[in-house]
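# A structural walkthrough
One-letter residues, chain by chain:
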Amino acid sequence: MPDADMLLSILASGVRLSAPVLCACLAGLWSERAGIVDIGLEGKLLAAAFAGAAAASLTGSAYAGLFAALGASLALALLQGYAAIQRGGDQIVCGMAVNMIAAGATALAGAAIFGEGGRTPGLEGAARFTPVFAGQDGLAFAALACVGVTSFILFQTRWGLRLRAAGENPQALAAAGISVSRTRYGAVAVCGLLCGLGGADLALSQAAGFLPGMSAGKGFIALAALIFARWQPGAALASCLAFGLLDAAAIRMQGAALPGLGPVPVQAIQALPYILTIILLAGFIGRSAAPAAAGVPYKKE
Amino acid sequence: MSGPPAVWQAAGPVLAPLAVALAAISIIVAAAGENPAAALRTLAAGSLGSREGLAMTLFYTTDFIFAGLAVSVAFRAGLFNIGVEGQAMAAGIGIALAALYAGALPGALALPALALAGAAGGALWALVPAWLQARRGSHIVITTIMFNFIAGALLGFLLNGPLGAPGSMQPESPAFPAAAAMPRLDDALRAMGMTPTDTPLNLCLPLALAAAFAAHVLFERTRLGYEMAVLGASPPAAAYAGISPARIMMLAMILSGILGSGLALNELTGAQNRLILEFTGGYGFVGIAIALTGRNRPAGIVLAALLFGALYQGGAELAFERPKITRDMIVLVQGLIVLMAGCFGARARSGEA
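Residues numbered from 1 in each chain as written. Chains lettered and ligands numbered in written order. Predicted model: local features only at pLDDT ≥ 70, side-chain atom pairs only at ≥ 80, totals over all residues. Heavy atoms only, no water.

Within chain B, the regular secondary structure consists of 14 helices and zero strands. The helix and strand sequence of chain B, counted from the amino end, reads α-α-α-α-α-α-α-α-α-α-α-α-α-α. Taken over C-alpha atoms, the radius of gyration comes to 20 Å for chain B, in line with the 20 Å a tight globule of 353 residues would show. Considered along the principal axes of its C-alpha atoms, chain B spans approximately 60 × 50 × 40 Å. When each of the 353 residues of chain B is scored for burial, the buried share is 53%. Pairs at least 24 apart in sequence give 74% of the contacts found in chain B among residues at least 6 apart. Across chain B, the centroid of the 18 positively charged side chains sits 11 Å from that of the 16 negatively charged ones. (Helix = DSSP H or I, 4+ residues; strand = E, 2+ residues; numbered from the N terminus. Rg over C-alpha atoms; globule rule 2.2 N^0.38 Å. Buried < 20%, exposed > 50% of the residue type's maximum accessible area, 1.4 Å probe, protein only. Contact = heavy atoms within 4.5 Å. Lys, Arg positive; Asp, Glu negative; His and termini not counted. Charge placed at Lys NZ, Arg CZ, Asp CG, Glu CD.)

Okay, structure coming up:
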């Protein structure tokens, strides 16, 4: 039976594990609210994690790493945005391409620069972010703050209204004389920055450096959390925390038995977010619908 | 149209990705401080320049034909199946179950039984997302992504538990019985008294080519193929013509799952002879690149699969010779090709290129 200490430590590590997922989830929220479906969150997280770890390792500064992570992810987001917004490319294909480019480029560059099979050297001291309060570091609090900021901008400001219009009814936005493309570019840029924050958290805080493939599906868990949250920032925080706790429990409870259920395979807990998302999407427990124009390239008339 | 004209039609679109690949590789290699010309020579010699290299290229090509056709048959009906990877894993589970628990089958029946079990696994894993899209309106892109992860978790559970080899620390199944081994090119070479190639190239290659021909007939000559194309081009037109979208979606995805199972058959009965984690190697996603560059035409897909087969095999040789340039370069190149073909190119998803 898990005791109180174990529950507390699961809680703390669950909050820690949810930070990068929360960043990616909010990133997806910005992009999809503005009409750009993004299955490239995973790739941007990975690229940011690599750029962050590489820069931190070369300069010895975690902040240099953070800026590199933000920059790399932003660059990929803008490339993806250019393909999807300017060129009217299929948004799913563009996201897929970003995932492949990031997976290949990070491992390749890692091997070429550091010669350790794609990983960066271990980071220590000032090259990492360390806990400042309650076992959580500054990046986790920044991620938390982004929930409030996202909610405020999207629902209380004129820019947020335009952004949501670009995702729900771009024709109306264009009729009001506002460029759909520019609005969507703005959202995609914020998406890139948020993924950058998440990737920095992965490599500079949760781990001490970069490992090939270290995003390990977190970008897709974020997508699942986004669907669960019905594209709402507050609910995104809740679903990411829930998935983070699930993740922490899966790590802690390997081989442990649940009362009445017997030993629960760790893979079952890992697959749970995906299974729950499918059940939700199928409408068996409530409904979750994406912004109306998400996935549809906008063409001027 | 069949035969040479289709091949020539298909060759055009494959040349552009080839150019992208060669240019990207040259730049990457130069950036790594190596000689691009020498690297391209290694790539070409490693993939096409020897019997062994060519046989390995064709082994990868087999995987990629199946994966490309699987993506393409769903594309035709307007569905983006990102789940070929998971469907191949489910197929692999079916193949392993048949191989390990139906061991009493006489030799001649064993391989067809394995192929059927694999096809059933792949079809089932594709059918559920198809049903969810057709009947419950869940978006198939999201559900197939989720099904990939669920398949991975299921595979991990089975290999660490019920299907795991006793006494092995690796997540792998016991070795399959001898009757579950697909006849290899090397078996034929040995029988003829020639030197074997030491490669897993096997009977799945002709099977993949036959599947490509069958897909060509399906797309161009059958009512179902036409109905799929109508649905893919315009769902309202399909509904107006009395075509049931739900029926076509589910049929297309079942076919997609069956085609994807060929990847598992090639890897498991041709090379691994046991079920292992990650035997799909991301090849289900390569299928997306293949279907896009092959413009959804089976002839184009075969050529694109050959191109990617050569890139994967040549890339492995290059990585062996120049350790700085790892095989990850090919994944990067593949991403660039997908970006070019799918986002910067012409209409990517419509059935008619």
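The helix and strand inventory of chain A stands at 11 helices and four strands. Reported as C-alpha extents along the three principal axes, the dimensions of chain A are approximately 60 × 50 × 30 Å. By residue count, 54% of the 301 residues in chain A fall in the buried class. Put simply, of all contacts in chain A between residues at least 6 apart along the chain, 79% involve residues at least 24 apart. Accessible surface, chain A: about 11,700 Å² in total, of which carbon and sulfur atoms supply 65%. Positive and negative charge centroids in chain A, built from 17 and 13 side chains respectively, lie 12 Å apart. (Areas by Shrake-Rupley, 256 points an atom, 1.4 Å probe, with all protein chains shown as cover.)

Listed by partner, the interface residues are 38 residues for chain A and 38 residues for chain B. Between chain A and chain B, a total of about 3,300 Å² is buried, with carbon and sulfur atoms accounting for 82% of that surface. There are zero salt bridges connecting chain A and chain B. Between chain A and chain B we count three residue pairs in polar contact (both at pLDDT 80 or more) in total. Breaking the side of chain A that touches chain B down by element, the ones donating at least two residues are α3 (62-86), α4 (91-114), α9 (218-228) and α11 (266-281) of chain A. (Buried area = accessible area lost by both parts, 1.4 Å probe. Salt bridge = Lys/Arg side-chain N within 4 Å of Asp/Glu carboxyl O. Polar contact = N/O pair within 3.5 Å; in protein donor to acceptor, adjacent residues only side chain to side chain.)

Residue and element names in this part refer to chain B. Along the polypeptide, G122 turns up in helix α5 (residues 107-136). Its relative accessible area of 0% is what places G122 among the buried residues. Residues G122 and L259, spaced 137 residues apart in sequence, show a C-alpha to C-alpha distance of 8.0 Å.

Now for the confidence of the model for chain B. Residues of chain B with pLDDT of at least 70 account for 94%, and the chain-wide mean is 90. Counted against residues more than four places away or in other chains, residues 346-353 of chain B, with its pLDDT under 50, gives 18 contacts. (pLDDT = per-residue confidence, 0-100.)

A few words on the packing of helix α12 (residues 283-293) of chain B against helix α13 (residues 298-321) of chain B. Residue and element names in this part refer to chain B. Interhelical geometry of α12 versus α13 gives an angle of 130 degrees and a closest axis separation of 8 Å. With respect to α13, the axis of α12 lies oblique. For the crossing formed where α12 meets α13, the hand is right-handed. Contact residues: Y283, V286, A289, I290, A291 and T293 in α12; I301, A304, A305, F308 and Y312 in α13. (Axes fitted to C-alpha atoms, helices over the stretch in contact; angles between N-to-C directions. Parallel < 35°, antiparallel > 145°, perpendicular 65-115°, else oblique. Left-handed = near helix turned anticlockwise from the far one by under 90°.)

So, about the packing of α5(B) against helix α11 (residues 245-272) of chain B. All names here are of chain B. At their nearest, the axes of α5 and α11 sit 6 Å apart, and the two run at 145 degrees to each other. Judged by the sense of rotation from one axis to the other, the crossing of α5 with α11 is right-handed. Among the residues making up the contact of α5 with α11, the classes are represented as 17 nonpolar, six polar and one charged. (Nonpolar A, V, L, I, M, F, W, Y, C, P; charged D, E, K, R; others polar.)

Confidence in the prediction of chain A, expressed as mean pLDDT, is 90, and 94% of residues score 70 or more. When mean pLDDT is taken per element in chain A, helix α2 (residues 41-59) of chain A scores highest with 97 and strand β3 (residues 257-258) of chain A scores lowest with 67.

Take the pattern of salt bridges next. Residue and element names in this part refer to chain B. The final tally for this structure, using the stated rule, is seven salt bridges over all chains. The partner of E227 in a salt bridge is R223, with the nearest N and O atoms 3.1 Å apart. Here E227 pairs with R223, and both are found in helix α9 (residues 223-233), just four residues apart, close to one helical turn. A relative accessible area of 8% places E227 in the buried class. With a closest N to O distance of 3.7 Å, E321 and R322 form a salt bridge. Of the residues examined, E321 reaches a relative accessible area of 46% and is grouped as partly exposed.

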